[in-house]
Structure formats: C-alpha cells, structure tokens
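What follows is each chain in one-letter form.
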Amino acid sequence: MFDLRRRGKVGKLGMVGVNGTKFPAIREHLKKNITQVYNNLDTSFDSFPADNAKDPESYKAAIDALSPGDAITIFTPDTTHYPIALYAIERKIHVMITKPAVKELAHHIALLEAAEKHGVYVYIEHHKRFDPAYADAKHRAKNLGDFNYFYSYMSQPKSQLQTFAAWAGIDSDISYYLNSHHVDICDSMVSQLGYVPVKVSASASTGVAVELGCHEKTEDTISLLVHWQKENDPSKHATGVYTASWTAPQKAGVHSNQYFHYLAQGGEIRIDQAKRGYDVAEDSAGQLMWYNPFYMKYAPDEDGNFAGQSGYGYVSMEKFVDGCRAVNEGKLTPRDLDKKGLPTLRNTIATTAILEAGRRSIDENREVRIERTQDGLWRLV
C-alpha cells in the first residue's frame with residue numbers, strides 16, 4: 001500500500017489494531033525495513049487507537065473517519081472478519097478481507113446481501129489465483145474436459161504455531177487458514193466447467209500442536225473430502241481432497257510447502273510451488289532455504305525503489321485497489337467485477353460453504369451436504 005501510494009493509486013493510509021502501545025515499534029520497524037531500504041519510501045499512517053490506549057472496537061472510529069468510496073483491508077483473526085466488514089459495508093466503504101472471508105456460510109451471504117444493497121466492492125484476498133502457474137493451470141483446465149480428481153497439500157513449519165498461539169484452535173483452525181487456498185483454486189478451476197460441491201466429510205490429526213502448548217482443541221492436520229457434481233449433468237461426479245497442516249518440520253526450508261494434482265477427462269496438471277527451482281544456502285540460516293520472490297520480490301530496482309509490483313501478492317492487492325477506483329469513477333459496477341472472475345464475495349461463496357462444512361463434519365462426526373437454494377445461493381444440511 002505504501003508503494004501504491006507512491007504510484008498515485010491510493011492516498012491517505014491508516015492502521016487499526018487493538019493495542020495502540022504497539023504502534024511506536026511498528027513505525028520504527030517500517031522505517032528500518034522499508035523507508036531506509038527503498039529510497040525513503042513514505043511509510044506514514046494514521047493509527048487507531050491512540051499510542052497510549054487499548055480498544056478492541058477501535059475499527060469503528062477508524063471507519064467512521066472515512067468517506068463513502070474509501071476502502072479498508074481486514075487482516076485480523078477469522079472470527080472478527082464479519083463484524084468489521086459489515087460495519088464498513090453499511091457505511092458504503094469498499095472492503096478487502098484476507099482468506100477465509102468468514103467462517104460461516106450465513107455470514108458470507110449476509111455480507112453479500114449488504115454489499116449489493118450498498119453498492120460496494122468486497123474482495124477476498126485469495127492471492128494464489130494470481131500465481132502465474134496457478135492462473136495458467138486454471139486456463140488450461142478449461143480445455144481438458146470434465147473434472148475427475150483434485151488433490152492438494154499445504155503446510156507450514158511448527159514455528160508458525162508460536163505466531164498463531166493466541167487463536168489457533170480457539171478462533172479458527174488449520175483448514176480455514178491453509179486449505180482455503182486450494183479449495184478456492186479448485187473451485188475457480190471447476191466452476192467454469194459447471195461443477196459444484198455437494199457434500200463434505202473431514203478428518204483431523206491431533207497431538208503435536210497441543211504438546212507444543214496450543215489450546216487443547218488445536219488440530220495438527222485437517223483433510224477435507226469433497227464430492228463435486230456437474231450441475232447440468234448429475235451423472236458426472238468428481239472428488240477433491242484438500243489437506244493442510246501447521247506441524248511440518250521446523251527446518252523444512254520453506255515457509256509454505258504447497259502442491260496440487262488435477263486430473264480431468266483429457267489430461268492432468270501437477271504443480272509444486274514449494275521450491276520453484278530457487279535455493280539459497282547461508283551459514284546464518286544453518287540449512288538450505290527455498291525463497292519465493294514470485295509472491296513478493298523485495299530486491300530494489302536500479303533506482304533503489306521497491307520493485308515487487310509483479311509479485312502475485314502485490315498483484316492481488318492492486319486488483320482490489322483498481323476495482324475500487326473503477327467503481328468510484330463509475331466505469332464498472334461490483335457486478336461487473338464479479339463477471340471478471342475475480343475473488344469477490346459472490347465468486348468465493350462455495351469456498352466458505354466447503355470450509356464450514358468441513359468444520360461441522362469434524363465437530364458433528366458426520367457428512368455434511370451442500371445444497372443450492374431457490375435464490376441460487378447455498379445452504380448446509
């Protein structure tokens with residue numbers, strides 16, 4: 001966002017948290033790691049609450065200070081997405097939400113209805129859609145015929161549990177956190193072929209996270225088994241298996257191990273985006289490391305400016321900003337952006353349905369069905 005401001009695409013920036021006493025350290029961190037690295041890039045921002053205050057509802061004051069057509073981004077614990085997004089939407093503010101959009105299908109539908117009522121753009125930050133390999137796979141899938149099978153795996157080292165200890169197993173789980181990536185990718189690939197999810201069963205592994213000090217309900221690994229069906233030809237079925245874990249080895253050498261296999265009537269696609277053919281050996285790391293400059297490139301350009309605009313993490317953010325600007329200028333409507341296949345609220349509803357169905361399958365020890373409603377949306381049974 002600081003670079004998008006440098007490029008003239010956004011204006012005033014603000015940051016909102018619960019604990020204002022953290023902001024002095026955050027400003028110093030940004031000065032050291034951004035301003036001093038990229039040609040004195042401006043990292044100034046307004047902050048809520050004040051530096052000497054703590055307020056779990058400070059987002060309300062921040063949103064109240066905005067005007068219709070302004071925008072917010074929500075990168076907070078999963079259970080807080082819905083109230084923050086709804087508060088902004090009702091004030092005609094555009095919204096970006098990190099994945100998962102929300103934890104419950106009912107909340108997803110409520111946000112969708114509110115966004116359409118107030119004419120705002122709500123975008124889910126599913127950045128894997130803009131990974132060049134994944135985007136190419138989606139394009140190729142259109143020409144491979146009927147969907148048959150999808151398998152994905154995504155994991156992060158156990159050290160991530162220290163980062164997420166405050167909410168892991170309490171506010172959310174590893175499936176919402178990581179399976180959300182590949183469930184969305186699969187849905188974006190097969191919905192263009194007319195496939196919809198119809199039932200979900202899930203299972204979880206436990207033990208490691210709890211031994212590391214996490215909440216007693218924290219699962220290590222969750223697998224979702226999703227049955228897909230071609231909507232205009234119920235005789236055609238497909239299977240998706242999505243596995244996510246945050247108990248991978250500490251020295252896995254990658255921040256995220258991630259791959260998938262897609263099988264269709266006329267061919268198959270395999271993607272392994274963990275190592276990408278780029279490894280670095282440094283004494284300070286004490287091991288071989290595989291970095292991912294394709295997500296966000298941090299090396300400055302020849303003039304010392306930030307040069308990561310082609311990274312798919314940056315592209316995802318810029319797509320949201322460009323959409324907001326187009327709506328504000330009257331060039332596009334939010335429905336026009338839905339039709340472009342972007343990860344909008346309407347285009348990610350199946351992902352929320354699958355993730356909640358998986359959670360309910362584990363909690364209730366049963367298979368959960370996903371059904372279309374008369375208004376074209378979804379419900380869980």
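Right above here is the structure, for reference.
Residues numbered from 1 in each chain as written. Predicted model: local features only at pLDDT ≥ 70, side-chain atom pairs only at ≥ 80, totals over all residues. Heavy atoms only, no water.

Chemist: I'm lost on the packing of helix α8 (residues 174-190) against helix α12 (residues 349-364) in this one. Help?
Modeler: The relative placement of two packed helices comes down to the angle between their axes together with the axis-to-axis distance. Where α8 contacts α12, the two axes come as close as 9 Å, and the packing angle between them is 135 degrees. For the element pair α8 / α12, the angle class is oblique. In the crossing of α8 with α12, the sense of the turn from one axis to the other is right-handed. Contacts between α8 and α12 involve S175, Y176, N179, S180, V183, D184 and D187 on the former and, on the latter, A350, T351, I354, L355, E356 and R359. (Axes fitted to C-alpha atoms, helices over the stretch in contact; angles between N-to-C directions. Helix = DSSP H or I, 4+ residues; strand = E, 2+ residues; numbered from the N terminus. Parallel < 35°, antiparallel > 145°, perpendicular 65-115°, else oblique. Left-handed = near helix turned anticlockwise from the far one by under 90°. Contact = heavy atoms within 4.5 Å.)

Chemist: Explanation requested: the nonpolar core in the structure shown.
Modeler: Note that soluble globular proteins tend to have their nonpolar side chains buried in a common cluster. With 77 residues, the main nonpolar core has F147, M189, W228, F260 and Y262 as its most contacted residues. It is α8 that provides the largest number of residues to this core, a total of 9 residues. If sequence neighbours within four positions are ignored, Y262 has contacts with A141, L144, G145, F147, Y149, F150, M189, V190, L193, G267, E268 and I269. Y38, L41, F306 and Y312 belong to the second-largest nonpolar core, a separate cluster that totals 24 residues. (Core = buried A, V, L, I, M, F, W, Y, C linked by side-chain atoms within 4.5 Å. Buried < 20%, exposed > 50% of the residue type's maximum accessible area, 1.4 Å probe, protein only.)

Chemist: What am I meant to see in the sheet that holds strand β8 (residues 221-230) here?
Modeler: Hydrogen bonds along the backbone pair up the strands of a sheet, which may run parallel or antiparallel. Here 8 strands make up an open sheet; going across it, the order is β11-β10-β6-β9-β8-β7-β14-β15 and the pairing mixed. One side of each edge strand has no neighbouring strand; the edge strands of this open sheet are β11 (267-272) and β15 (378-380). Looking at each pair of strands side by side, their axes are set apart by 15 degrees on average, direction ignored. Summarising the sheet, strand β7 (residues 195-205) and β8 pair through 10 bridges and their orientation is antiparallel. The residue bridging V196 from the neighbouring strand is Q229, located in β8. Strands in contact with α8 are β6 (147-157), β7, β8, β9 (233-248), β10 (257-264) and β11; relative to β6, the strand with the most contacts, it is inclined by about 150 degrees. Here α12 sits on the sheet and contacts β7, β8, β14 (368-372) and β15; the angle it forms with β7, its principal contact strand, is near 35 degrees. (Pairing = 2+ DSSP bridges.)

Chemist: Help me understand helix α2 (residues 23-35) in this model?
Modeler: Residue pairs three or four apart in sequence face the same way in an α-helix, which turns once every 3.6 residues. Within the span of α2, buried status applies to F23, L30, I34 and T35. End-on view of α2: buried residues confined to an arc of 75 degrees, all on one side of the axis. Opposite the buried face of α2, at more than 90 degrees from it, the exposed residues are A25 and K32. (Arc of directions from axis to C-beta.)

Chemist: Can you walk me through the pattern of salt bridges in this structure?
Modeler: Any two side chains of opposite charge can pair, so long as their charged atoms come close to each other. Enumeration over the complete set of coordinates arrives at 31 salt bridges. Across the pair R91 and D64 runs a salt bridge, and its minimum N-O distance is 3.5 Å. Placement of R91 in the loop between α4 (81-89) and β4 (94-98) and of D64 in helix α3 (residues 58-64) is noted, with a sequence separation of 27 residues between them. Residue classification places R91 among the partly exposed residues on the basis of a relative accessible area of 33%. On the accessibility criterion, D64 (46% relative accessible area) is partly exposed. R346 is paired through a salt bridge with D338; the nearest N and O atoms lie 3.9 Å apart. On the accessibility criterion, R346 (29% relative accessible area) is partly exposed. Bridged by salt links that share partners, the residues R7, K9, E318 and D322 form one connected network. (Salt bridge = Lys/Arg side-chain N within 4 Å of Asp/Glu carboxyl O.)

Chemist: Explain the sheet that holds strand β3 (residues 71-74) here, please?
Modeler: Reading across from one edge, β3-β4-β5 is the order of the 3 strands in this open sheet, with parallel pairing throughout. The open sheet is flanked by β3 and β5 (122-125), the only strands paired with a single partner. Strand-to-strand twist in this sheet, taken as the mean axis angle between neighbours without regard to direction, amounts to 15 degrees. In the sheet, β4 pairs with β5 via 4 bridges, with the strands oriented parallel. Paired with I97 across the strands is I124, a residue of β5. In the packing of helix α10 (residues 312-328) onto the sheet, the strands contacted are β3, β4 and β5, and the crossing angle to β4 comes to about 160 degrees.

Chemist: Honestly, the side chain of D173 in this entry has me stumped. Any pointers?
Modeler: Mapped onto the elements, D173 comes out in the loop between α7 (160-163) and α8. A distance of 2.9 Å separates a polar atom in the side chain of D173 from the backbone nitrogen of S175. In terms of polar contacts, D173 uses its side chain to reach the side chain of R359, at 2.7 Å. (Polar contact = N/O pair within 3.5 Å; in protein donor to acceptor, adjacent residues only side chain to side chain.)

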